[in-house]
Number of protein chains: 2
Amino acid sequence: MNPPVIDNLLVVGVGLIGGSLALALKRDGAVGCVTGFGRRRETLEQARALGVIDRIADDPVAAVAAADMVFLGVPVGAMKSVLQIIAPGIGPGTVVTDGGSTKCGPIAAAREVLGEKFPRFVPGHPIAGSERSGVAAARADLFDDHRVLLTPDPDCDADAIDRVATIWARCGARTDRLDAEAHDRVLGLTSHLPHVLAFTLVDFIARGKDAAQCFELAAGGFFDFTRIAGSDPVMWRDVASDNARNLGDALAEYIDVLQSMKTLIDQGRADDIEQVFANARRARGLLVDHRRGQTS
Amino acid sequence: MNPPVIDNLLVVGVGLIGGSLALALKRDGAVGCVTGFGRRRETLEQARALGVIDRIADDPVAAVAAADMVFLGVPVGAMKSVLQIIAPGIGPGTVVTDGGSTKCGPIAAAREVLGEKFPRFVPGHPIAGSERSGVAAARADLFDDHRVLLTPDPDCDADAIDRVATIWARCGARTDRLDAEAHDRVLGLTSHLPHVLAFTLVDFIARGKDAAQCFELAAGGFFDFTRIAGSDPVMWRDVASDNARNLGDALAEYIDVLQSMKTLIDQGRADDIEQVFANARRARGLLVDHRRGQTS
């Protein structure tokens, strides 16, 4: 086991991601003490009972002042208000990082709220998750062999970035650096758009006149497809709001794609339909090969 | 082990479904001999080498005449031409059934081609599959605890229906009866629409300017989502063509749904977005509970 790299970690928002980070660091002996803070006392007590956190913070500013690292595990819509609460406690040695699924919004909030302390904020996004949410779903192995995208601003402290990269490495994850704008554009396509499709499809079918029979006969494809519709609505509401521009653009383009496919279907253009499907299958095959290459 | 129920099974189109049916019946000792017929000699030889079929038919009419049951495991677009080939061999004791993902098209083809032999055709749809296709993917347990929907016409022989229900039971599956129109409408929503969404999304992202980065950073959600885009393009081309009316209607309604969601996102109506997502999560929860209820 390697030596600890953090004496005191403060997790603000002890849910799936924040809780799994605490468990992963504890598993590796990388952290001395984990303190939790959040809106709901009940969740914090559950987290302590589960051994995810060691202490519950009553005074967030004092808890930040005592921490070497603060992890923000809240929905991206709550980042700004949480930063406002914790800002007074951030000292020159404190590193603040987050796990939000969008990056431009949290960075803008941190720049506005933190002022001269902004360079201590290292925006991050672990590409791991589950359709389950909440601290009861937290797992020490959630980040094993997963990637964490760090999207630091040019103003960010190099030392703070290194420390955040180190904790993720101790969680079994691999970190990559990426521009925040590119992050939000790419994840808008590969993560936010698919979530919106799954949520809206399940809602659409559930509201339809054939809902009972659809659910009764739900085929394997549908069931798999809807898995991500079990994700946390508040977290995804915030993602959709925070990344509205990219997601709106992606939706507009994708609606055109569906309209074109509907035309092909209406006109019985079987060869053109097959070409789209075959191209998708080929791309899916490349993705599978790429994954194999990464893990081998 | 129960006694055999079929002496000679002829499988036309020995792929994932036809091959798995043969293996499942063999596993249970329900079949004496399985003969395979298809367009490609190579596939048939592979099927024989894998022990999926025992014999390769050179003359399809003779093979049908020698069979008690004929299973059509071809894409729905090929049903009519296959029925035309086998029709002369169908005797008064032969039962013909299929595994097509749409049911109105195969029924119409059978009615037209089979004439007075039409009552011996029992349309079926096993709700099981894999994004893999081809005989190499065939598995004896593919249908275990899965459902098979039978959509017989009022003209269908009761005895023929019973025999088809019996073979599926011997494969470990449960059969349900359903009107063919309702089948195509409901599956259009729960299976065909999600497949079209997955195929078009992967094709859309693969053709986009951010494709390389999207594939490099493909998050878990996207990867799961795209699993069904690995399905057989020809099979799904035929499904989309055969069920064009229902699928076109479903696509039109779903495009409106996406357009409304885009408006909510553009206008920053976070509460309304959350309501859609929360409704989807609730419906997904009911689906999970329903499945648990079915298997317990």
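Residues numbered from 1 in each chain as written. Chains lettered and ligands numbered in written order. Predicted model: local features only at pLDDT ≥ 70, side-chain atom pairs only at ≥ 80, totals over all residues. Heavy atoms only, no water.

### Some words on the pairing of strand E5 (residues 95–98) of chain B
All names here are of chain B.
In step 1: Along E5, one buried face is formed by Val95 and Thr97 and the opposite face, lined by Val96 and Asp98, is buried too.
In step 2: Relative to E5, strand E4 (residues 69–72) runs parallel, the two being bridged by 4 bridges. When the sheet's bridge partners are listed, leucine 72 is paired in E5 with aspartate 98.
In step 3: What joins E4 to E5 is helix H4 (residues 79–86), and the crossover it makes is right-handed. (Buried < 20%, exposed > 50% of the residue type's maximum accessible area, 1.4 Å probe, protein only. Helix = DSSP H or I, 4+ residues; strand = E, 2+ residues; numbered from the N terminus. Pairing = 2+ DSSP bridges. Right-handed = clockwise from strand over helix to strand, strands pointing away.)

### Observations concerning the domain arrangement of chain A
Residue and element names in this part refer to chain A.
In step 1: Domain annotation for chain A reports domain 1 (6–178) and domain 2 (182–295).
In step 2: For domain 1 and domain 2, the distance between their C-alpha centres works out to 30 Å.
In step 3: Between domain 1 and domain 2, the residue contacts involve 19 residues of the former and 16 residues of the latter.
In step 4: Between domain 1 and domain 2 lies a buried interface of about 1,300 Å² when both sides are counted; carbon and sulfur atoms form 60% of it.
In step 5: Area buried by domain 1 at its contact with domain 2 is led by Ser101, Thr102 and Glu131, which between them contribute 39% of it.
In step 6: Taken together, the links from domain 1 to domain 2 amount to 0 salt bridges.
In step 7: Between the two partners, domain 1 and domain 2, sit 7 residue pairs in polar contact (both at pLDDT 80 or more).
In step 8: Breaking the side of domain 1 that touches domain 2 down by element, the ones donating at least two residues are helix H5 (104–114), strand E7 (124–127) and strand E8 (147–150). (Domains from an automatic or database assignment. Contact = heavy atoms within 4.5 Å. Buried area = accessible area lost by both parts, 1.4 Å probe. Salt bridge = Lys/Arg side-chain N within 4 Å of Asp/Glu carboxyl O. Polar contact = N/O pair within 3.5 Å; in protein donor to acceptor, adjacent residues only side chain to side chain.)

### Section: the pairing of strand E9 (residues 174–177) of chain A
Residues and elements named next belong to chain A.
In step 1: The pairing of E8 with E9 spans 4 bridges and is parallel. Bridge assignment links leucine 149 to a residue of E9, and that residue is aspartate 176.
In step 2: Taken together, E8, helix H6 (residues 158–170) and E9 constitute a β-α-β crossover, and its handedness is right-handed.

### Observations concerning H6(A)
Residue and element names in this part refer to chain A.
In step 1: The end-to-end C-alpha distance of H6, which contains 13 residues, comes to 19 Å, matching closely the 18 Å that a straight helix rising 1.5 Å per residue would cover.
In step 2: Those residues of H6 that fall on the buried side of the exposure criterion are Ala160, Ile161, Val164, Ile167, Trp168 and Arg170.
In step 3: Immediately downstream of H6, the backbone of glycine 172 shows phi near 90°, a positive value. (Expected span 1.5 Å × (residues − 1).)

### Observations concerning the packing of aromatic side chains
In step 1: Enumeration over the complete set of coordinates arrives at 8 aromatic pairs over all chains.
In step 2: With 6.0 Å between their ring centres and 45° between their planes, Phe204(A) and Tyr254(B) make a pair best called tilted. One end of the pair, Phe204(A), is in helix H7 (residues 180–207); the other, Tyr254(B), is in helix H11 (residues 244–266), on a second chain. A single burial state applies to Phe204(A) and to Tyr254(B), both of which are buried.
In step 3: An angle of 75° between the planes, with centres 6.2 Å apart, marks the rings of Phe71(B) and Trp168(B) as edge-to-face. A residue pair is termed long-range when its members are at least 10 positions apart, and Phe71(B) in strand E4 and Trp168(B) in helix H6 (residues 158–170) qualify at 97 residues. Taken individually, Phe71(B) and Trp168(B) each receive the classification buried, so the pair is uniform in this respect.
In step 4: Pairwise contacts between aromatic rings join Phe71(A), Phe143(A) and Trp168(A) into one cluster. (Phe/Tyr/Trp six-rings, centres within 6.5 Å; stacked < 30°, edge-to-face > 60°.)

### Things to note about the environment of His195(B)
Residues and elements named next belong to chain B.
In step 1: Considering the arrangement of structural elements, one finds histidine 195 in helix H7 (residues 180–207).
In step 2: The class for histidine 195 is buried, based on a relative accessible area of 7%.
In step 3: The spacing of histidine 195 and threonine 226 is 31 residues in sequence and 9.2 Å in space, taken between C-alpha atoms.
In step 4: Those residues in contact with histidine 195 that sit more than four places away from it in its chain are Ile228, Ser231 and Trp236.

### Side note on the interface of chain A and chain B
In step 1: With 87 residues of chain A at the contact, the number on the chain B side is 87 residues.
In step 2: Joining chain A to chain B, the criterion identifies 6 salt bridges.
In step 3: Its salt-bridge partner being Arg237(A), residue Glu274(B) comes within 2.7 Å of it at the nearest N-O pair.
In step 4: For the interface between chain A and chain B, the tally reads 17 residue pairs in polar contact (both at pLDDT 80 or more).
In step 5: Ranked by residues supplied to the side of chain A that touches chain B, first place goes to H7(A) with 20 residues.
In step 6: The class makeup of the residues in the side of chain A that touches chain B is 51 nonpolar, 16 polar and 20 charged. (Nonpolar A, V, L, I, M, F, W, Y, C, P; charged D, E, K, R; others polar.)

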